[in-house]
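Architecture at a glance
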Amino acid sequence: VAFSPDGASVASGNKSDDVRLWDVATGAMTRQFTQNNGDILKPRFSRDGLLVLAVVDASEGRVVKLWRAADGTLLRTFDGLGRAFDAGFSTDGKAVLVFRQRAIQSFDAATGVLQRETPLAMPETFGQYDAAFTSDGQLLVVLGVNHLPEGSVGRVQVWRVSDGQRLRSHAVPP
């Protein structure tokens, strides 16, 4: 789930292939976006609240879809991403950011064109389990497990989106 920037709406995803917008004050569903063909993961609002995106775990793999919040019009599908773990918006809202298997991809939100791919220097032994972009699109937090010969260690890593530099890495206690 995600709150709209003004706090008046909540976007939710579910296993019934749709994104739903809810009025926070009344609890009423205000919109339903369909045509997704898969489980909806991690819906997000743009900073201006005009757009909603979500990772969709579809039969053909994970894709990212972008809708107009006002009427639920599907604007774009970003596919061919490999295993997309999370998606968000850049600080200015003009780019869609996608974290997928050791890289951050930046797409032009208006055209869908890939602008940049920033590799992340994650060891091959690091298996990602979850990830999230900060609301301003400047940082990515990745939760995973580093599989080492002496045993597995959970880790939380913080990455700067602009250049792919790892800023922090913390062990997670068992």
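My aim in this report is to walk through the structure given alongside it, one point at a time. (Residues numbered from 1 in each chain as written. Predicted model: local features only at pLDDT ≥ 70, side-chain atom pairs only at ≥ 80, totals over all residues. Heavy atoms only, no water.)

With respect to the side chain of S12
- Within the secondary structure, S12 sits in strand 2 (residues 9-13).
- For S12, the side chain forms a polar contact with the side chain of W22, separated by 2.9 Å.
- Among all residues touching S12, those that are not within four sequence positions of it are V1, D18, V19, R20, W22 and P43. (Helix = DSSP H or I, 4+ residues; strand = E, 2+ residues; numbered from the N terminus. Polar contact = N/O pair within 3.5 Å; in protein donor to acceptor, adjacent residues only side chain to side chain. Contact = heavy atoms within 4.5 Å.)

Quick notes on the sheet that holds strand 3 (residues 19-23)
- Read across the open sheet, the four strands follow the order 1-2-3-4; overall the sheet is antiparallel. Only two strands of the sheet have a single neighbouring strand rather than two, namely strand 1 (2-3) and strand 4 (29-33).
- When strand 1 meets strand 2, the two strands line up antiparallel, connected through two bridges. Counterpart to F3 in the pairing with strand 2 is V10. (Pairing = 2+ DSSP bridges.)

Comments concerning the packing of aromatic side chains
- The full count for this structure, using the stated rule, is three aromatic pairs.
- Note on F78 and F107: the rings are 5.1 Å apart at their centroids and 50° apart in plane angle, and the pair reads as tilted. Taken together, the residues F78 in strand 8 (residues 74-78) and F107 in strand 11 (residues 103-108) connect sequence positions 29 residues apart. The residues F78 and F107 share a single accessibility class, namely buried.
- Pairing F85 with F99 gives two aromatic rings, centres 5.6 Å apart and planes at 35°, and the pair type is tilted. Taken together, the residues span a long stretch of sequence, with F85 in strand 9 (residues 84-89) and F99 in strand 10 (residues 95-100) at a distance of 14 residues.
- Given a relative accessible area of 8%, F85 falls into the buried group. (Phe/Tyr/Trp six-rings, centres within 6.5 Å; stacked < 30°, edge-to-face > 60°. Buried < 20%, exposed > 50% of the residue type's maximum accessible area, 1.4 Å probe, protein only.)

Here's the deal with the pairing of strand 5 (residues 38-45)
- Of the strand pairs in this sheet, strand 5 and strand 6 (residues 51-58) are connected by six bridges, and their pairing is antiparallel. Across the sheet, D39 pairs through a bridge with D57, a residue of strand 6.
- Once strand 5 ends, the chain turns through five residues before running back antiparallel as strand 6, passing G49 with a positive phi of about 80°.

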